[in-house]
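Close look at the chain arrangement
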Amino acid sequence: MPFPPPPYPPLDPAPDAAADAHGVTALLLTEDDRFLLQLRDDIPGIALPGHWACFGGHAEAGESAEQALRRELMEELAFQPATLRLVHQSLYTLPRPARRIVRNDWFLVPLPLRALSTLRQQEGADMALFTLEQARILPKISPFDLSTMMLLAHWRRLYP
């Protein structure tokens, strides 16, 4: 697998006090280097309607980022990953509908190909596997997730 796990530095698992929301995201990566993405419902009121994005959600009060992502993966895919590895953290501002500061934690989550048949999608319009090259040309994809996927794929070259 040309992707990780490189030796990532330890990251702060505590929520950022400046953030209005704490998001958690799974970079579900198969052993043949494809990412499992969700096609978000195309309905008003949700973030990035009709876009491809990684699976995930928000941490609830008292939940750690890892606990929140494990809960979200159970709710969205009926999937219990063997391991999660925190690989990236970001703080960004969403301008609409109201200005919100979001702290997001992205976890690398190995997804064995043999587990694909056991997944049960509970949220979203569809799901599919994409190589990084295929994901890069999707007309509608979460820019936050895509940038993190690209960072993950190029980590060793960028930071030897």
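The shown structure was predicted, so the numbers you read here are calculated from the model rather than taken from an experiment. (Residues numbered from 1 in each chain as written. Predicted model: local features only at pLDDT ≥ 70, side-chain atom pairs only at ≥ 80, totals over all residues. Heavy atoms only, no water.)

Some thoughts on the overall build of the chain
Scanning the chain from N- to C-terminus turns up three helices and seven strands. For the chain, the α and β elements follow one another from N to C terminus as β-β-β-β-α-β-β-β-α-α. A separation threshold of at least 6 residues defines the contact pool for the chain, and within that pool the share at least 24 residues apart is 66%. Entry remark: accessible area of the chain is about 8700 Å², with carbon and sulfur atoms responsible for 56%. (Helix = DSSP H or I, 4+ residues; strand = E, 2+ residues; numbered from the N terminus. Contact = heavy atoms within 4.5 Å. Areas by Shrake-Rupley, 256 points an atom, 1.4 Å probe, with all protein chains shown as cover.)

Re the pairing of strand 1 (residues 21-29)
Extensive coverage of strand 1 is indicated by the burial of nine of its nine residues. What you see with strand 1 is no split at all: Ala21, Gly23, Thr25, Leu27 and Leu29 on one side and His22, Val24, Ala26 and Leu28 on the other are buried throughout. The pairing of strand 1 with strand 6 (residues 100-110) spans nine bridges and is parallel. By the bridge assignment, His22 is partnered in strand 6 with Arg103. In this structure, strand 1 lies alongside strand 4 (residues 55-58), joined through four bridges in antiparallel fashion. (Buried < 20%, exposed > 50% of the residue type's maximum accessible area, 1.4 Å probe, protein only. Pairing = 2+ DSSP bridges.)

Considerations on helix 1 (residues 65-77)
Helix length check: helix 1, at 13 residues, gives a terminal C-alpha distance of 18 Å against a target of 18 Å (1.5 Å per residue), a fit within 8%. Listed in full, the buried residues belonging to helix 1 are Ala65, Ala68, Leu69, Arg71, Glu72, Leu73, Glu76 and Leu77. Contacts from the buried residues of helix 1 go to strand 1, strand 2 (35-39), strand 4, strand 6 and strand 7 (126-130). (Expected span 1.5 Å × (residues − 1).)

Focus: the nonpolar core
Leu27, Phe35, Leu37, Ala135, Leu138, Ile141 and Met149 are the most contacted members of the largest nonpolar core, which has 21 residues in total. Among the secondary structure elements, those contributing two or more residues to this core are strand 1, strand 2, strand 5 (85-94), strand 6, helix 2 (132-136) and helix 3 (143-158). By residue number, the principal contributor to this core is helix 3, which donates four residues. Once residues within four sequence positions are removed from consideration, Leu37 is found in contact with Trp52, Ala53, Cys54, Phe55, Asp126, Met127, Ala128, Phe130, Ala135, Leu138, Ile141 and Met149. One finds Ala26, Leu36, Phe55 and Leu111 within the second-largest nonpolar core, a separate group that totals 18 residues. (Core = buried A, V, L, I, M, F, W, Y, C linked by side-chain atoms within 4.5 Å.)

With respect to helix 3
Under the 1.5 Å per step criterion, the end-to-end length of helix 3 is only 19 Å for 16 residues, more than 12% shorter than the ideal 22 Å. Within helix 3 the residues assigned to the buried category are Asp145, Leu146, Thr148, Met149, Leu151, Leu152, Ala153 and Trp155. Looking at the buried residues of helix 3, the elements they touch are strand 1, strand 2, strand 3 (52-53), strand 5, strand 6 and helix 2.

Concerning the pattern of salt bridges
If you walk through the whole model with that rule in mind, you get seven salt bridges. Between Glu60 and Arg71 there is a salt bridge, with the nearest N and O atoms lying 3.7 Å from each other. Here Glu60, found in the loop between strand 4 and helix 1, pairs with Arg71, found in helix 1; they are 11 residues apart in sequence, far enough to count as distant. For Arg71, a relative accessible area of 17% translates into the label buried. Between Arg70 and Glu66 there is a salt bridge; the shortest N-O distance is 3.2 Å. Here Arg70 and its partner Glu66 are both found in helix 1, four residues apart, which amounts to about one turn of the helix. A cluster of three or more residues bridged by salt bridges with shared partners is formed by Glu60, Glu63, Arg71, Glu72 and Glu75. (Salt bridge = Lys/Arg side-chain N within 4 Å of Asp/Glu carboxyl O.)

Thoughts on the environment of Arg40
Considering the arrangement of structural elements, one finds Arg40 in the loop between strand 2 and strand 3. Judged by relative accessible area, which is 23%, Arg40 ranks as partly exposed. Expressed as a C-alpha distance, the spacing of Arg40 and Trp52, which sit 12 residues apart in the sequence, is 6.1 Å. The residues touching Arg40, leaving out its near neighbours within four places in the chain, are Ile46, Ala47, Leu48, Gly50, His51, Ala53 and Ala125.

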